[in-house]
Amino acid sequence: MALTPAMGPRGETLAWHGVDVLWAQRPDGVFLTIDLNEAQDIKVSLDSEKLSFSGKAAGNHYEFTLDFFAPIVKEESKWSPKRLIEFYLKKESEGTWTSLSKKKLPWVKVDWKRWQDSDDEEEGKNNQWNLDGLGDMNFGDMGGGEEYDSDDEELPDLDPAEPLGSADVPPEEARKEKVDTDSLD
């Protein structure tokens with residue numbers, strides 16, 4: 001794990017503000033959440049050995065590189081930058097990781113809501129993760145070495161606003177529907 005301070009646009013060192021990374025696992029994969037609400041300017045780079053992340057939220061810049069405990073399969077891993085940044089990382093080989101990273105990191109914490117012990121694995125076949133929300137962001141679609149940048153996303157066209165007073169109700173009818181608030185007790 002290499003934790004580097006963020007660099008500003010003029011080369012100045014920015015303070016690193018801690019962000020919690022939550023993780024849980026199943027024998028075949030790891031679920032990882034970067035606990036950062038409404039992040040912008042997101043940049044993500046993933047390979048089989050590590051994840052690099054940078055982004056801004058609430059006026060602060062966040063950046064880290066996380067070396068995984070064991071290799072993952074990039075092409076079968078997914079992620080979503082919705083309210084929080086969530087990842088499903090497909091393990092290269094099934095098994096239990098003793099931690100998310102090879103080194104102890106104070107900002108990496110267990111996601112107890114998603115955690116499953118080996119004792120629970122038999123029950124867990126019925127308790128699979130719902131990956132539906134992660135379907136659009138597939139690392140297999142990214143070429144080697146490319147980074148995701150949230151500024152590259154296509155934005156939908158806005159529908160033109162309906163002019164005021166053009167509703168289906170004629171203005172005379174709208175006036176009739178007004179309630180006389182002076183008579184209310």
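Residues numbered from 1 in each chain as written. Predicted model: local features only at pLDDT ≥ 70, side-chain atom pairs only at ≥ 80, totals over all residues. Heavy atoms only, no water.

**Notes on unusual backbone geometry**
Logical step 1: Even without being a glycine, Glu-38 presents a positive backbone phi close to 50°.
Logical step 2: On the basis of relative accessible area, Glu-38 is assigned to the exposed category, the value being 64%.
Logical step 3: Its identity is not glycine, yet Ala-58 carries a phi of approximately 50°, on the positive side.
Logical step 4: With respect to the helices and strands, the residue Ala-58 is situated in the loop between strand 6 (50–57) and strand 7 (60–67). (Buried < 20%, exposed > 50% of the residue type's maximum accessible area, 1.4 Å probe, protein only. Helix = DSSP H or I, 4+ residues; strand = E, 2+ residues; numbered from the N terminus.)

**Considering the nonpolar core**
Nonpolar side chains tend to gather and get buried jointly when the protein is soluble and globular.
Logical step 1: In terms of nonpolar packing, the biggest core is built from 29 residues, with Ile-34 and Leu-100 touching the most fellow members.
Logical step 2: Where this core is concerned, the elements lending two or more residues are strand 3 (21–26), strand 4 (29–34), strand 5 (40–46), strand 6, strand 7, strand 8 (72–81) and strand 9 (85–91).
Logical step 3: With near-sequence residues (within four places) excluded, Ile-34 lies in contact with Val-19, Asp-20, Val-21, Phe-53, Phe-64, Leu-84, Ile-85 and Phe-87. (Core = buried A, V, L, I, M, F, W, Y, C linked by side-chain atoms within 4.5 Å. Contact = heavy atoms within 4.5 Å.)

**A word on the pattern of salt bridges**
Logical step 1: The tally for this structure, following the rule as stated, stands at five salt bridges.
Logical step 2: The closest approach of N and O atoms between Asp-28 and Lys-90, which form a salt bridge, is 3.9 Å. Residue Asp-28 is found in the loop between strand 3 and strand 4, and its partner Lys-90 is found in strand 9; the two are separated by 62 residues along the sequence.
Logical step 3: Between Asp-111 and Arg-114 there is a salt bridge, with its nearest N and O atoms 3.2 Å apart.
Logical step 4: Each of Glu-86, Asp-111 and Arg-114 takes part in salt bridges that share partners, so that together they form one network. (Salt bridge = Lys/Arg side-chain N within 4 Å of Asp/Glu carboxyl O.)

**Re the packing of aromatic side chains**
Where two aromatic rings form a pair, the distance of their centres and the angle of their planes describe that pair.
Logical step 1: Tallied over the entire structure, the rule returns five aromatic pairs.
Logical step 2: Ring plane angle 40° and centroid distance 6.5 Å describe the contact between Phe-68 and Trp-97, whose orientation is recorded as tilted. One end of the pair, Phe-68, is in the loop between strand 7 and strand 8; the other, Trp-97, is in the loop between strand 9 and strand 10 (108–110), with 29 residues separating them in the sequence. Across the pair, Trp-97 and Phe-68 agree in class, each one buried.
Logical step 3: Aromatic rings pair up to connect Phe-53, Phe-64 and Trp-107 into one cluster. (Phe/Tyr/Trp six-rings, centres within 6.5 Å; stacked < 30°, edge-to-face > 60°.)

**A few points about the sheet that holds strand 10**
Logical step 1: Strand order in the open sheet made by the five strands is 8-9-4-3-10, with mixed pairing throughout. The strands lining the two open edges of the sheet, one partner per strand, are strand 8 and strand 10. Put simply, the sheet's adjacent strands are angled 25° from each other on average, direction ignored.
Logical step 2: Sheet topology note: the strand 3/strand 10 ladder contains three bridges and is parallel. Directly across from Trp-23, in strand 10, lies its bridge partner Val-110. (Pairing = 2+ DSSP bridges. Axes fitted to C-alpha atoms, helices over the stretch in contact; angles between N-to-C directions.)

**Remarks on the pairing of strand 6**
Logical step 1: With five bridges joining them, strand 5 and strand 6 adopt antiparallel strand pairing. Counterpart to Gln-40 in the pairing with strand 6 is Lys-56.
Logical step 2: Counting the residues in the hairpin turn of strand 5 and strand 6 gives three residues.
Logical step 3: Sheet topology note: the strand 6/strand 7 ladder contains eight bridges and is antiparallel. From the neighbouring strand, Ser-52 faces strand 7, where its bridge partner is Thr-65.
Logical step 4: Count of turn residues in the strand 6/strand 7 antiparallel hairpin: two residues, of which Ala-58 carries a positive phi of about 50°.

**Focus on the environment of Thr-33**
Logical step 1: You can see Thr-33 is positioned in strand 4.
Logical step 2: Aside from chain neighbours lying at most four places away, what touches Thr-33 is Asp-20, Val-21, Leu-22, Leu-84, Ile-85, Glu-86, Asp-111 and Arg-114.

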